Amino acid sequence: MVHPSFKELFQDSWTPELKLKLEKFLALMFKASNTPKLLTLYKENGQSHKETLQQLHQQLVEAERRAMTYLKRYNKTQVDYHTLIGVTAELVDSLEATVSGKMITPEYLQSVCVRLFSNQMRQSLAHSVDFTRPGTASTMLRASLAPMKLKDVPLLPSLDYEKLKKDLVLGSDRLKAFLLQALRWRLTTSHPGEQRDTVLQAYISNDLLDCHSQSQRTVLQLLHGRSDVVRQYMARLINAIASLAEGRLYLAQSTEVLRMLEERLKEEDKDIIARENVLGALQKFSLRRPLQTAMIRDGLIFWLIHLLKEPDCLSDYTLEYSVALLMNLCLRSAGKRVCATMAGLVLKVLSDLLGHENHEIQPYVNGALYSILSIPSVREEARAMGMEDILRCFMKEGNAEMTRQIEFIIKQLNSEELPGGGLDSDDDDDEDEEEDHDTMEADLDKDELIQPQLGELSGEKLLTTEYLGIMTNTGKPRRRGLASVQRGGDEPLRRPVTPGGHRNGCPV
């Protein structure tokens, strides 16, 4: 403090003088760049900038981690590609040699196969497989492409659901958002099978969403909360639970869930992702007949038709799931009757969608058209507007499967069949079985709105640090779905489906 080089730093006047010099310097710099207001903003928002920098730092660390993972995958893929090209060239040479009468030795075949297999298999493979037996090499190669079975996947720790639900109802909006996110991640990132089943059964047995609660304040009411983030994250969690057959059964037991989702769907016009998830959940609900009946009765078909009048304004997810939901509702006799009351509008919307650039929606458009054309008044309206000519135009542009499906629709259009003929999704709500569709789409976790600050807990770490419980995981045998109802590959869809399940090849 007394050294001549440093004693100035310990004087009370040093800090304000330095600050004044810095402000003058910055003022000159900002003046030179014609942005003097930035100095004032810097003073006012210093704390806000600090928080933003912390969030950006966290995102940067996460992005760098993902980048390294992708780089390793890319390098491995590149090595495998070069290996494959080299082996292919050698095999072509060997085939040419066989034309000249030269034989391929088992040792050569063994060396080729060992090069194609993963490193873990090479040591044992070279000594344990007899390549002199015909078909052995090709069988081993095909087997190497099969996905490896997960061994000994551990169950996730049990949670204190009473404490969780209390904080979801009474905690701050930020805590609610992080808890909803963590609970969703626990479901979406768990391994399919026993681990995921156990997570879901714990949610159900502890009535995580308060579907059976008579309390004035419930977790389910977060869907109508004040916070945009909380509302969106609640919709995401419901959509994730509805992605699993047992989850749909749990949610379907409360009429309040459906009512709140329908209200949120019609009210949510700002948050696109929130509406996507509400729509996704409702679409998955439409796999169950009593819920189909309720949605038709609540006028959801009218809402969907008016939404689909301007498909170019919709995201791909919204478009795909709204068309699939419309088709599922149109498979019911009550849904067909609703469409018959506005046949002209429905036919125009569906015919416009046939030409949409998103080809994922075509099976659902075809299925809806085929279904409603079983009503004589709808067929008359379709003939009056020249529907057959419209359909034949799309036959020229579509692929072979699309063309064959349209042929079925034209046949239905020109038939004189009375309502009730043929295979139909009948209206007996007592038979409430569905295909065992479990599809957890990646969109559930896209575009997260919140990031933890430094020192803030999130995800599984938040759950296991603050909400660890004792034996809340409960096992339950999975309910077996109906045997799949087959359809010809060329026919339009005639059973309720969900887009994820249909794309992934689930039985429809």
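These lines cover the structure that appears in this document, whether it is placed above or below. Here the residue numbering is sequential within each chain, running from 1 through the sequence in written order. Per-residue local features are limited, in this predicted model, to residues with pLDDT of at least 70; the limit for side-chain atom pairs, both in listing and counting, is 80 or more; totals at the level of whole chains, interfaces and linings are taken over all residues. Here the side-chain values reflect all heavy atoms present in the structure, with hydrogen atoms and water set aside.

Regarding the packing of helix α16 (residues 316-330) against helix α19 (residues 362-372)
The condition is simple: Each axis is a line fitted through C-alpha atoms, and for a helix only the stretch in contact is used; angles between axes span 0 to 180 degrees, taken between their N-to-C directions. Secondary structure counts use DSSP, requiring at least four H or I residues in a row for a helix and at least two E residues in a row for a strand, with both numbered from the N terminus. Relative orientations are named as follows: roughly parallel for angles under 35 degrees, roughly antiparallel for angles over 145 degrees, roughly perpendicular for angles from 65 to 115 degrees, and oblique for any other angle. Handedness of each helix crossing follows the sense of rotation of the near helix against the far helix: counterclockwise by less than a right angle gives left-handed, clockwise gives right-handed. Any pair of residues with heavy atoms lying within 4.5 Å of one another is described as a contacting pair.
It is the contact of α16 with α19, at a shortest axis distance of 8 Å, that shows an interaxial angle of 25 degrees. Between α16 and α19, the angle is such that the two are roughly parallel. Crossing of α16 over α19 shows left-handed handedness. Residue-level inspection shows E320, V323, A324, M327 and C330 of α16 in contact with α19, the latter providing P363, Y364, V365, G367, A368, S371 and I372.

Notes on a negative patch on the surface
Defined as follows: Like-charged residues within 9 Å of one another, or nonpolar side chains (Val, Leu, Ile, Met, Phe, Trp, Tyr) within 5 Å, are grouped into patches, provided each residue has over 30% relative accessible area and no salt bridge. Surface exposure here means Shrake-Rupley accessible area, sampled with a 1.4 Å probe, where a residue is shielded only by the protein chains that are shown. For salt bridges, the criterion is a side-chain nitrogen of Lys or Arg within 4 Å of an Asp or Glu carboxyl oxygen. None of His or the chain ends enter the tally, which takes Lys and Arg as positive and Asp and Glu as negative. For this purpose, a charge sits on NZ of Lys, CZ of Arg, CG of Asp or CD of Glu.
Residues E310, D312, D316, E357 and E360 make up a contiguous surface patch of negative charge. Looking at where D316 falls in the secondary structure, it is placed in helix α16.

Re the pattern of salt bridges
Where we set the bar: Relative accessibility under 20% of the residue-type maximum defines a buried residue, over 50% an exposed one, and the middle range a partly exposed one, all with a 1.4 Å probe and only protein chains included.
For the coordinates displayed, the defined rule picks out 18 salt bridges. Residue E256 is joined to R259 by a salt bridge in which the shortest nitrogen-to-oxygen separation is 2.1 Å. With a gap of three residues between them, E256 and R259 both fall in helix α12 (residues 255-267), about one helical turn apart. Take R259: its relative accessible area is 36%, and that puts it in the partly exposed class.

Let's talk about helix α15 (residues 300-307)
Burial analysis of α15 places six of its eight residues in the buried class, which makes it a mostly covered element. For α15, the elements touching its buried residues are α12, α13 (272-285), α14 (289-297), α16, α17 (333-340) and α18 (343-354).

Points about the packing of α15 against α16
Threshold: In this count, Pro and Cys sit with the nonpolar residues alongside Ala, Val, Leu, Ile, Met, Phe, Trp and Tyr, while Asp, Glu, Lys and Arg are called charged and the others, Gly among them, polar.
Following both chains from N to C, one finds α15 and α16 inclined at 140 degrees, their axes separated by 10 Å at the closest point. As the angle between them shows, α15 and α16 are arranged oblique. Like other packed secondary-structure pairs, α15 and α16 cross with a definite hand, here left-handed. Of the residues in α16, those in contact with L300, I301, L304, I305 and L307 of α15 are T318, S322, L325, L326 and L329. Classifying every residue of the contact of α15 with α16 by side-chain character gives eight nonpolar, two polar and no charged.

Section: the nonpolar core
Just so we agree on the cut-off: For our purposes a nonpolar core is just a set of buried Ala, Val, Leu, Ile, Met, Phe, Trp, Tyr and Cys residues, chained together by side-chain atoms within 4.5 Å.
By size, the foremost hydrophobic cluster in this structure holds 106 residues, and its most contacted members are L209, L251, L282 and F285. Looking at this core element by element, the count peaks at ten residues for α16. Those residues in contact with F285 that sit more than four places away from it in its chain are A242, R248, L251, V257, L258, L261, L291 and M295.

Notes on the side chain of S351
Using the following cut-off: Side-chain atoms alone can form a polar contact between residues adjacent in sequence; in general such a contact is a pair of N or O atoms within 3.5 Å, and within protein one must be able to donate a hydrogen while the other accepts it.
Of note, S351 is situated in helix α18. There is a polar contact of 2.9 Å between the side chain of S351 and the backbone oxygen of K348. S351 has contacts with M385, M387, I390 and F394, leaving out every residue within four places of it along the chain.

So, the state of the cysteines
Rule in force here: Cysteine sulfur pairs qualify as disulfides if the two atoms are within 2.5 Å.
Summed over the entire model, instances satisfying the criterion amount to zero disulfides. The structure places no disulfide on C339, whose sulfur is separated from the nearest cysteine sulfur, that of C330, by 3.5 Å. Note on C339: relative accessible area 1%, which makes it buried.

Focus: the packing of aromatic side chains
The following threshold applies: Here is the rule: rings of Phe, Tyr and Trp (six-membered ring for Trp) pair when centre to centre is within 6.5 Å. Planes less than 30 degrees apart are stacked, more than 60 are edge-to-face, and the remainder are tilted. A ring is considered to have a charge above it if a Lys NZ or an Arg CZ atom is located within 6 Å of its centre and within 35 degrees of its normal.
Enumeration according to the criterion identifies two aromatic pairs in this entry. Ring geometry for Y161 versus Y203: centroids 6.1 Å apart, planes at 75 degrees, classification edge-to-face. Of this pair, Y161 sits in helix α7 (residues 161-170) while Y203 sits in helix α9 (residues 194-205), and the two are 42 residues apart along the sequence. Summarising the burial analysis for this pair, Y161 and Y203 share the class buried. Relative to Y321, the ring of Y317 has its centre 4.2 Å away and its plane inclined at 15 degrees; by these criteria the two rings are stacked. With a gap of four residues between them, Y317 and Y321 both fall in helix α16, about one helical turn apart. The positively charged end of K163 is found above the aromatic ring belonging to Y467, 5.1 Å away from the centroid. The ring of Y233 has R184 sitting right over it, with the charged end atom 5.0 Å from the ring centre.

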